[in-house]
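# Residue-level structural notes
Read off the chains here:
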Amino acid sequence: MAKQILVTGGAGYIGSHTVVELQNAGFDVVVVDDLSNSSIEVLDNIAKITDKRPVFEQFNLADRNLTASFFKKYPNIEAIIHFAAFKAVGESVQKPLEYYRNNLVSLMNLLEEMKSNDVKHMVFSSSCTVYGQPDVLPVTEQTPRKPAESPYGNTKAICEDMMRDYCATNSSINCIALRYFNPIGAHPTALIGELPVGVPGNLVPFVTQTAAGIREVLSIFGDDYDTPDGTAIRDYINVVDLSKAHVVAIERLLNGKQKSNYEFFNIGTGNGLSVMELVQTFIKVTGVNLKYKVVGRRAGDIEKIWADTTYGCNELGWKAEKTVEETLASAWAWEKNVRGIK
Ligand code: NAD
Ligand code: WQD
């Protein structure tokens, strides 16, 4: 039987786009998701895009017994892409133990089952949040990590450490952590995209929901930062470009191209964009008269961050290709599709 790639959290935002890219590249995919932050219809839409519905199992990866049973049922899993995690920064402050349990225990269960079942490869979703506010920009992989600003951010730092330490004493296990900068946008078909539950915390879903008339006005959090226009700067990476980075990371592992059995890479565009620049680009690209106002800074926000992607691009043979214009247009096309706007 053909070897399979397990995609945990494959019904979620980044996971669903990655399933599409994996299937387009010819991989057989098994999705595990407990649908705690996603819906089953996503799999139908993946099937519409790729003509192939991934195999699906619904359970919580923090459950050790269910995770063990899964690997007995699927003995041909060759590699794992581990997206499944809780990711809301603010919620993690309110519910720290839920975040630690879900995010840490899921990874521990998977690492242990990898060893028991001779699964050798994992790609893990990390985040630029591990850098905090860096002293020097742009950030390279050598930039020191800073103490996490939230329990969510801390789970990413601890998960990285867990993989590093486990790989150090298990030479047959290979892990790559991808440190995503700010993923935005949707698939060009507008069949899959980001669908936050409740009021969006992230900028682009708030922009598109305001444009769609669901939110009254976008609040821009602070225009008194030490940046050219005073608004905060991030490195916004298109979700399809980001998904393709996972395919090349999996191929690196399967082809034995790693330099060590635990590696980590920045995945961004290398360009910083301010909140105001993003808003103005959205207005220009869509022609929508977006209502916005400047309010005070959001607690816990950093001022500016963007990636130096040189090392990751050279090693992986990957780079971000899409422009921010087409990315914002894709986010708007997705929002319109979800809301039934013509
Ligand atoms: P998402 O919430 O859309 O997807 C995560 C999926 O995992 C959801 O479908 C959810 O139902 C599932 N899930 C969560 N816990 C689970 C568990 N214990 N067992 C089984 N399924 C579970 O999030 P996303 O934006 O696609 O993020 C994917 C990964 O990337 C996460 O690890 C996140 O922390 C990381 N990340 C995201 C961003 C971002 O801005 N979106 C940035 C950096 C890193
Ligand atoms: C971007 C910029 C806001 C909403 C978070 C997590 C990080 C990572 C990505 C997972 C900031 C401003 C936002 C709004 C605004 N996730 N903004 N009005 O904060 O860079 O990162 O998501 O790992 O860990 O912290 O992303 O999209 O929330 O904000 O002005 O209504 O937009 O202040 O400057 P952030 P974001």
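One structure accompanies this document, and this report is about it. All chains use their own residue numbering, which begins from 1 and follows the written sequence. For naming, the first written chain is A and the first written ligand is 1, with later ones following in the order written. The model is predicted, so local features are restricted to residues of pLDDT at least 70 and side-chain atom pairs to those at 80 or more, both for listing and for counting; the totals for chains, interfaces and linings are taken over all residues. Each side-chain value is derived from all of the structure's non-hydrogen atoms; neither hydrogens nor water enter the calculation.

## Details of the packing of helix α7 (residues 203–211) against helix α9 (residues 275–286)
Axes here refer to lines fitted to C-alpha atoms; in helices the fit is confined to the stretch in contact. Angles between the N-to-C directions go from 0 to 180 degrees. Numbering goes from the N terminus for both helices and strands, where a helix is a DSSP run of H or I of at least four residues and a strand is a run of E of at least two. In the contact formed by α7 and α9, the axes pass within 11 Å of each other and the chain directions differ by 35°. Between α7 and α9 lies a crossing of right-handed hand. On the side of α7, the interface is formed by Leu 203, Val 204, Val 207, Thr 208 and Ala 211, while α9 contributes Val 275, Leu 278 and Phe 282. Within the contact of α7 with α9, the residues separate by chemical class into seven nonpolar, one polar and no charged. Here a crossing is taken to be left-handed if its near helix is turned anticlockwise relative to the far helix by less than a right angle, and right-handed if that turn runs clockwise. For this analysis, residues touch if any pair of their heavy atoms sits within 4.5 Å. The classification used treats Ala, Val, Leu, Ile, Met, Phe, Trp, Tyr, Cys and Pro as nonpolar, Asp, Glu, Lys and Arg as charged, and all other residues, Gly among them, as polar.

## Concerning the site of ligand 1
Note on terminology: near, applied to a residue and a molecule or strand, indicates that one of the residue's heavy atoms is within 4 Å of it. The local shell around ligand 1 holds 28 residues, among which Asp 33, Asn 37, Ser 38, Asn 102 and Tyr 152 are the closest. Any N or O atom pair separated by 3.5 Å or less is treated as a polar contact, with the protein-specific requirement of one donor-capable and one acceptor-capable atom, and with residues adjacent in sequence counted only for side-chain atom pairs. Note that an oxygen atom of ligand 1 is positioned 3.3 Å from one of the backbone N or O atoms of Gly 12. Taking Asn 102, its side chain carries an N or O atom lying 2.6 Å from a nitrogen atom of ligand 1. Elements with a minimum of two residues in the shell around ligand 1: α1 (13–24), α5 (96–116), β5 (121–127) and α6 (151–169). Among the elements that take part in the shell around ligand 1, β5 stands out by supplying three residues, more than any other. When the residues that make up the shell around ligand 1 are grouped by side-chain class, the tally is 13 nonpolar, eleven polar and four charged.

## As for the sheet that holds strand β1 (residues 4–8)
Here seven strands make up an open sheet; going across it, the order is β3-β2-β1-β4-β5-β6-β11 and the pairing parallel. Only two strands of the sheet have a single neighbouring strand rather than two, namely β3 (55–57) and β11 (262–267). Averaged over all pairs of adjacent strands, the angle between strand axes in this sheet comes to 20°, irrespective of strand direction. With respect to the sheet, helix α3 (residues 64–73) is in contact with β1, β2 (28–32), β3 and β4 (77–82), its orientation differing from that of β4 by roughly 140°. Only when DSSP finds a minimum of two bridges between them are two strands counted as paired.

## A closer look at α9
Helix length check: α9, at twelve residues, gives a terminal C-alpha distance of 17 Å against a target of 16 Å (1.5 Å per residue), a fit within 8%. Listing the buried residues of α9 in full gives Val 275, Met 276, Leu 278, Val 279, Thr 281 and Phe 282. Buried residues belonging to α9 abut α7, β8 (218–221), β10 (236–238), β12 (273–274), β13 (292–295) and α11 (324–339). To estimate the expected span of a helix, subtract one from its residue number and multiply by 1.5 Å. Any residue under 20% of the maximum accessible area for its type is buried, any over 50% is exposed, and the rest in between are partly exposed; the area is computed with a 1.4 Å probe on protein chains only.

Worth remembering: the numbers are spatial, not functional.
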